[in-house]
Amino acid sequence: MEKPYILHMLTTEKNLSPFDVNMAQDAGWQVTMPYLQVEEGEVQGLIQDAIFSRGPKGVKRTAAFIGGRDPEAAMKMLGIARTSMVPPFEISVLADPSGAFTTAAAMVAAAERELKDKFDTTLSGRKVLILAGTGPVGQIAAVLCAKAGCDVSILGRQQEKSERIAKLCNEFFGQSQTRIKGLGNDKLPELLPEAEVIFATGAAGIQLLTAEQVAAATKLMVAADVNAVPPPGIAGIDPQADGAPIEDSPSGAVGIGALAIGNVKYQTHARLLGQMRETEKPVYLAFDEAFATAREIVQAERG
């Protein structure tokens, strides 16, 4: 009798995300075992209990998922998990806290596609604003854009927090290879005329960019909004928009809505979970791998 596919799901929170459980089951993981309120110091023990109990063949049907809400904690736990392996007792691990890695990857990949299709350009060199960018999705979107060669600014209500998050992105996620800036929302009026790509990554039901502000972004090419709850995070972007022109944009900018982003995010998440189940060699997956996968998906959709 073949051993079942077991996914050990670690979270720093008191509950495991039902979304993540559904995704894992749909990807073919037969057992999804939750571990709640996990601390960094517990990761090694949990991983080694998982790898040593099934034998070299059983570990090929075993993997771990790291959730929670904190990208920094998730990446640290992923690093601990990786160094806890004892080959040939080694399993795959995917980190995607709050779905932030796959959501950010989907959003940036979709924007990159629109830049190429509609404006015959790339991410490299683009001036990017990330509104409400201090949250998990904003942080990772900033890092992905910066690593792709963009000039990135994270905006938030508190400049001090934006600066702190920008420093985290540069030093930890970007490994001191990025130059993301952290600014207060009061800087938005002076930044809009030069902005070429804008991402709204705020809470549901809060508008971050009005129609008047869209009109002030005279060089804008692409804007994307992860908010599906009215009002839109960026005026003029319908949740289902997938490269549709934005009303009131003087530059002919196009918009990408939450549902279009969500479609790519879903496929990316599913493919990463499936990759862990199908691979012969263990893989360690985070935002870089999610971005590479999302890029493949959006390119295939447009042919």
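Residues numbered from 1 in each chain as written. Predicted model: local features only at pLDDT ≥ 70, side-chain atom pairs only at ≥ 80, totals over all residues. Heavy atoms only, no water.

Identification of the protein chain as Methylene-tetrahydromethanopterin dehydrogenase from Methylomarinovum tepidoasis is taken from an unreviewed UniProt entry.

Visitor: Explain the packing of aromatic side chains to me, please; I cannot follow it from the model alone.
Guide: The relative placement of two aromatic rings is captured by the distance of their centres and the angle of their planes. Scanning all chains against the criterion turns up 5 aromatic pairs. On the numbers, 5.4 Å between centres and 65° between planes, the contact of Phe52 with Phe89 is edge-to-face. Residue Phe52 is located in helix H2 (residues 40-52), and its partner Phe89 is located in the loop between helix H4 (71-83) and strand E4 (92-95); the two are separated by 37 residues in the primary sequence. Classification of Phe52 by relative accessible area gives partly exposed; the value is 44%. (Phe/Tyr/Trp six-rings, centres within 6.5 Å; stacked < 30°, edge-to-face > 60°. Helix = DSSP H or I, 4+ residues; strand = E, 2+ residues; numbered from the N terminus. Buried < 20%, exposed > 50% of the residue type's maximum accessible area, 1.4 Å probe, protein only.)

Visitor: Explain the sheet that holds strand E7 (residues 181-184) to me, please; I cannot follow it from the model alone.
Guide: Adjacent strands of a sheet form backbone hydrogen bonds with each other and so pair up, either parallel or antiparallel. If you trace the 7 strands from one edge of the open sheet to the other, you get E7-E6-E5-E8-E9-E11-E10, paired in mixed fashion. Each end of this open sheet is capped by a strand with a single partner; those strands are E7 and strand E10 (242-245). Here the average twist between neighbouring strands, direction ignored, is 25°. Here strand E6 (residues 151-156) runs beside E7; their pairing, made up of 4 bridges, is parallel. (Pairing = 2+ DSSP bridges. Axes fitted to C-alpha atoms, helices over the stretch in contact; angles between N-to-C directions.)

Visitor: Help me out: how do you make sense of the UniProt feature "domain: Quinate/shikimate 5-dehydrogenase/glutamyl-tRNA reductase" (unreviewed entry) in the protein chain in this one?
Guide: Mapped onto this structure's residue numbering, the UniProt feature "domain: Quinate/shikimate 5-dehydrogenase/glutamyl-tRNA reductase" (unreviewed entry) falls at residues 116-225. Strand forms 21% of residues 116-225 and helix 37%; the C-alpha atoms that close the span are 19 Å apart. (UniProt positions renumbered as here; feature names shortened; annotations may be inferred.)

Visitor: Mind showing me how you'd approach the nonpolar core here?
Guide: Core analysis: the biggest nonpolar cluster contains 81 residues, and Leu7, Trp29, Val152, Ile180, Phe199 and Met276 have the highest contact counts within it. Examining the composition of this core, we find that 11 residues originate from one element, helix H5 (residues 100-119), more than from any other. Residues Leu129, Leu183, Leu220 and Ile237 belong to the second largest nonpolar core, which totals 20 residues. (Core = buried A, V, L, I, M, F, W, Y, C linked by side-chain atoms within 4.5 Å.)

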